[in-house]
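Close look at the chain arrangement
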Amino acid sequence: MSIIMGVDPGSRITGYGVIRAEGRVIEYIDSGCIRVGEKPMAERLQTIFHSLATLIGEYRPGEFAIEQVFMARNPDSALKLGQARGAAIVAAANSGLEVHEYSARQVKQAVVGKGGADKAQVQHMVQVLLALSRKPQADAADALAIALCHAHMSQSVARLASGGGGKVRSGRVRRQ
């Protein structure tokens, strides 16, 4: 059994999602958004860090997954996103968690089956896959999708390693 925390970082809203994965059974635990508003950037980063550190302490995940930075049209936005990711990654690292990173395309492919899926499709599939009574907020749905992607990737790597005599290193299967 593994508790996985997924994080969708943002400089104004950071989504988080927590799931439990045991084999093919995946269970919803919690999700939400850390809203930092219009504070100075240093205060936003501090809020992201402390909020995630508190959530990690509360749920004690064994695994942590986060979305990779994508190159936005606006370099200033990309830099702010990178800073928010950094605050989240340090919160995980300070708790002794290994950080797993996935591109938006990987997450959408794992959850929707299409790497170019839109936010509404991701929300819908997260609701269906986790048997939620309503759609989660967009940022929380993205974070849950990241956690689901990690659960699927971990299962796939484990199956490949056990079935083919391979050795897993850095999340990849190496044939012996």
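As the structure is a computational prediction, the values presented were derived from the model and not from experiment.

1. Overview of the pairing of strand β1 (residues 2-8)
Counting buried positions over the seven residues of β1 gives seven, a clear majority of the element. The two faces of β1 match: Ser2, Ile4, Gly6 and Asp8 on one face and Ile3, Met5 and Val7 on the other face are all buried. Pairing analysis gives seven bridges linking β1 to strand β2 (residues 13-22), with the strands arranged antiparallel. Considered in β2, the bridge of Gly6 is made with Gly17. As consecutive antiparallel partners, β1 and β2 are separated by four residues. Sheet topology places β1 next to strand β4 (residues 63-67); four bridges connect them, and they run parallel.

2. Description of the packing of helix α1 (residues 41-59) against helix α2 (residues 75-94)
Relative to each other, α1 and α2 sit at 35°, their axes nearing to 9 Å. In the crossing of α1 with α2, the sense of the turn from one axis to the other is right-handed. Residues Met41, Leu45, Ile48, Phe49, Leu52, Ala53 and Ile56 of α1 form the contact with α2, whose participating residues are Lys80, Gln83, Ala84, Ala87, Ala88, Val90, Ala91, Ala92 and Asn94.

3. Describing helix α4 (residues 119-129)
Along an α-helix, residues three or four positions apart point the same way, because every turn accommodates 3.6 residues. Taken residue by residue, α4 has Val122, Gln123, Val126 and Gln127 as its buried positions. Along the axis of α4, the buried residues cluster in a sector spanning 130°; they form a single face. The distance from a side-chain oxygen at the start of α4 to the backbone nitrogen of Ala120 is 3.1 Å, and the residue carrying that oxygen is Asp118. Just downstream of α4, Ala131 is the residue with a positive phi angle, here 50°.

4. Digging into the nonpolar core
One finds Met5, Val7, Leu52, Leu55, Ile56 and Phe64 to be the most contacted residues of the largest nonpolar core, which totals 20 residues. Looking at this core, the elements with two or more residues in it are β1, β2, α1, β4 and α2. The residues touching Val7, leaving out its near neighbours within four places in the chain, are Thr14, Gly15, Leu52, Phe64, Ala65, Ile66, Glu67, Ala88, Ala143 and Ile146. Grouped together as the second largest cluster of nonpolar side chains are 19 residues, Ala21, Val126, Ile146 and Ala151 included.

5. Topic: the UniProt feature "binding site: Mg(2+) 1" (unreviewed entry) in the chain
UniProt tags Asp8 and Asp139 as "binding site: Mg(2+) 1" (unreviewed entry). What stands out for the annotated residues spanning 132 residues is how close their C-alpha atoms remain, the widest pair being 6.5 Å apart. Within the secondary structure, Asp8 sits in strand β1. Using a relative accessible area of 7% as the deciding quantity, one classes Asp8 as buried. Look past the residues within four positions of Asp8 in its chain and what remains in contact with it is Ile13, Thr14, Gly15, Glu67, Asp139, Asp142, Ala143 and Ile146. Position of Asp139 relative to the elements: it lies in helix α5 (residues 138-164). Judged by relative accessible area, Asp139 falls into the partly exposed class, the value being 21%. When neighbours within four sequence positions are excluded, Asp139 is seen to be in contact with Asp8, Ile13, Gly15 and Cys33.

Cut-offs applied
- Residues numbered from 1 in each chain as written.
- Predicted model: local features only at pLDDT ≥ 70, side-chain atom pairs only at ≥ 80, totals over all residues.
- Heavy atoms only, no water.
- Buried < 20%, exposed > 50% of the residue type's maximum accessible area, 1.4 Å probe, protein only.
- Helix = DSSP H or I, 4+ residues; strand = E, 2+ residues; numbered from the N terminus.
- Pairing = 2+ DSSP bridges.
- Axes fitted to C-alpha atoms, helices over the stretch in contact; angles between N-to-C directions.
- Left-handed = near helix turned anticlockwise from the far one by under 90°.
- Contact = heavy atoms within 4.5 Å.
- Arc of directions from axis to C-beta.
- Polar contact = N/O pair within 3.5 Å; in protein donor to acceptor, adjacent residues only side chain to side chain.
- Core = buried A, V, L, I, M, F, W, Y, C linked by side-chain atoms within 4.5 Å.
- UniProt positions renumbered as here; feature names shortened; annotations may be inferred.

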